[in-house]
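Observations on the model geometry
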Amino acid sequence: MSKRDTSQDSIVPELEKRRDDSRAVVIAPVIKKGKSDANGAVSRSDEARLAEAIGLARAIDLDVVFSAVVPVSQPKPGTLLGTGKIAEIKTALDANDAGLVIVDHPLTPVQQRNLEKEWNAKVIDRTGLILEIFGRRASTKEGTLQVELAHLNYQKGRLVRSWTHLERQRGGAGFMGGPGETQIEADRRLLQERIVRLERELEQVRRTRQLHRAKRKKVPHPIVALVGYTNAGKSTLFNRITGAGVLAEDMLFATLDPTLRRMKLPQGRTVILSDTVGFISDLPTHLVAAFRATLEEVLEADLILHVRDMSDPDNGAQASDVLRILADLGIDEKDGAERILEVWNKIDDLPEEAREALVQKAATTPNTMAVSALTGEGVDRLLDEVNRRLSGVLVDRDVVLPVDKLQLLPWLYDHSIVDEREDQEDGSVRISVRLTETEAAELDRRLGQGAKRPLEDWER
């Protein structure tokens, strides 16, 4: 992170720092609550929260020199933390020559500014850190637009009057014109104008995606979407299934832009597999809103594979976060039970005894498959289950395609499982297929009367 971060200059004036802002202190404030979560959500351990915050910081190449869980009994409106904790962290900053503090908790603009003054260092809250990561990961024009829109909405409430040497601009006409807008008012106006332009461009992106989906529906291949907590192994599984070269690293938010690939299941069924951005707890609302066009791919999916990292002790809490975001997108629990298939990933990271127990548990748990995307264990069974889910009840059909119907052969190979084919001397083709009842009805419509043949016609 450079000394002069232009994206932050418009939020808080750059302080005269005496320390290196590439060296970071990470703190995870824990607000003490009188009652447990009424929603019954699975809570995350304090250590896991801190470890995730450190992982987020390292995802943008920061050197984390000190980290701590900070209990907060009574949040302070002006600083969130009490004076004692502020002094402790200031000491840690001085001892480690650190110029950046990452607070794994949302901060109000006032709290952020006051803490920067107290510590004489740059302060970034959880939302700002995730936005920074997304800004670095975005590689397509769409991703860049979405991140910039989220960042501007985040900045909008953090403009302060940094330019005290600039009074009001002259307003009105002539010598008697009243005071014009202040510098901060001018900045807010320019910021809002940029937000409006970005929203228009993203609306065009949304319309383009709708057109692409409409084209795909004309050749109706089922869509399978991969979702899950960040670093759960979605991209590794995507690469394993499709042979694609999507970036897959042991890093939070290693990939950001969605990827779609057409692929054939082992039984011959063609599907479209979609790899989406990873979810995370307390995902900033700015990002959810900005990425809605991208996440609409999940809403359109025929089957959703919820990939979970079963080697993570907090995978239960992570799963709850993912389901909560899916519910916010409009996929309710009842709908999810029919469309969501849980994929228990990274079983290769478990001890042998635990791995075997987990595989046995998955075998007896509905809508669950245990796999290792890295080694390939269980992936074939997963693909068989995907095929079963998408195909529904298959019916056997034996047909003879006359010469004037041979153009249906590509359609049959795309929409059915071909078991047997025999080319005849007269140019016709005898073919035995398995397909869904809906596709069988479509085949009848395309064939017309008299093209279907009973099974006994195959017997010589």
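Since the structure is predicted, the reported quantities are computational estimates derived from the model, not experimental observations. (Residues numbered from 1 in each chain as written. Predicted model: local features only at pLDDT ≥ 70, side-chain atom pairs only at ≥ 80, totals over all residues. Heavy atoms only, no water.)

Here's the deal with the sheet that holds strand β1 (residues 20–31)
Strands pair in a sheet through their backbones, by hydrogen bonds, and they do so in one of two ways: parallel or antiparallel. What counts here: At least two DSSP bridges between two strands are needed for those strands to be called paired. Starting at the N terminus, helices and strands are each numbered in turn, a helix being any DSSP run of H or I of at least four residues and a strand any DSSP run of E of at least two. The axes used here are C-alpha line fits, helices contributing only the stretch in contact, and every angle between their N-to-C directions lies in the interval 0 to 180 degrees. Contacts are residue-level and defined by heavy atoms, with any inter-residue pair within 4.5 Å sufficient.
Pairing within the open sheet is parallel, and its four strands lie in the order β2-β1-β3-β4. Of all strands in the sheet, those bounded by a partner on one side alone are β2 (63–72) and β4 (122–125). Each neighbouring strand pair of the sheet contributes to a mean axis angle of 25°, computed without reference to strand direction. When β1 meets β2, the two strands line up parallel, connected through nine bridges. Counterpart to Ala 28 in the pairing with β2 is Val 69. Running at roughly 155° to β1, helix α2 (residues 46–58) makes contact with β1, β2 and β3 (98–103) of the sheet. Along the sheet, helix α5 (residues 126–137) makes contact with β3 and β4, crossing β4 at roughly 90°.

Comments concerning the sheet that holds strand β7 (residues 270–275)
If you walk across this open sheet you meet the six strands as β6-β7-β5-β8-β9-β10, and the pairing is mixed. Sheet topology places β6 (259–264) and β10 (368–370) at the edges, where each strand pairs with a single neighbour. Averaged over all neighbouring strand pairs, the angle between strand axes comes to 25°, with direction disregarded. Where β6 lies against β7, six bridges are found, and the strand directions are antiparallel. Its bridge partner lying in β7, Lys 264 is registered against Thr 270.

A look at the pattern of salt bridges
To keep things clear, this is the line we draw: Salt bridge, as used here, is a side-chain nitrogen of Lys or Arg placed within 4 Å of a carboxyl oxygen of Asp or Glu. Each residue's exposure class comes from its accessible area (1.4 Å probe, protein chains only) as a fraction of the maximum for that residue type: buried when under 20%, exposed when over 50%, partly exposed otherwise.
Inspection of the entire model under this criterion finds 19 salt bridges. Across the salt bridge formed by Asp 104 and Arg 126, the nearest N and O atoms sit 2.5 Å from each other. Within this pair, whereas Asp 104 is found in the loop between β3 and α4 (109–119), its partner Arg 126 is found in helix α5, the two being separated by 22 residues in sequence. We classify Arg 126 as buried; its relative accessible area is 4%. Measuring nitrogen to oxygen at the nearest pair gives 2.9 Å for the salt bridge that ties Asp 419 to Arg 434. Note that Asp 419 is positioned in strand β12 (residues 417–423) and Arg 434 in strand β13 (residues 429–436), a separation of 15 residues in sequence. The class of Asp 419 is partly exposed, set by a relative accessible area of 42%.

Some points on the side chain of Thr 368
Operational definition: Polar contacts, as counted here, are pairs of nitrogen or oxygen atoms within 3.5 Å of one another; within protein the pair requires one atom able to donate a hydrogen and one able to accept it, and residues that are adjacent in sequence qualify only if both atoms are side-chain atoms.
Here Thr 368 lies in strand β10. Judged by its relative accessible area of 8%, Thr 368 falls in the buried class. Side-chain polar atoms of Thr 368 contact the backbone oxygen of Pro 366, separated by 3.0 Å. When neighbours within four sequence positions are excluded, Thr 368 is seen to be in contact with Leu 341, Glu 342, Trp 344 and Ala 362.

Here's the deal with unusual backbone geometry
The residue Asp 61 is not glycine, and still its phi comes out positive at about 65°. For Asp 61, a relative accessible area of 66% translates into the label exposed. One non-glycine residue with positive phi stands out, namely Asn 120, at about 50°. Summarising the element assignment, Asn 120 is placed in the loop between α4 and β4.

Describing the packing of helix α8 (residues 234–242) against helix α14 (residues 379–391)
As a reminder of what qualifies: With respect to orientation, any angle under 35 degrees is reported as roughly parallel, any angle over 145 as roughly antiparallel, any angle of 65 to 115 as roughly perpendicular, and every other angle as oblique. Asp, Glu, Lys and Arg are counted as charged, while Ala, Val, Leu, Ile, Met, Phe, Trp, Tyr, Cys and Pro are counted as nonpolar; the rest, among them Gly, fall into the polar class.
α14 packs onto α8 with a crossing angle of 80° between their chain directions and a minimal axis gap of 11 Å. As the angle between them shows, α8 and α14 are arranged roughly perpendicular. Across the interface between the two elements, Leu 237, Arg 240 and Ile 241 from α8 touch Val 379, Leu 382 and Leu 383 from α14. Across the contact of α8 with α14, the residue classes tally to five nonpolar, no polar and one charged.

Focus on helix α16 (residues 437–447)
Heads up, the condition is: As used here, the arc belongs to the directions running from the helix axis to the C-beta atoms.
Considered for burial, the residues of α16 that qualify are Glu 439, Ala 440, Leu 443 and Leu 447. What you see down the axis of α16 is that its buried residues fit within an arc of 105°, all on one side. Facing away from the buried surface of α16 by more than 90 degrees, the exposed residues are Glu 437, Thr 438 and Arg 445. Gly 448 sits one or two positions beyond α16 and adopts a positive phi of about 80°.

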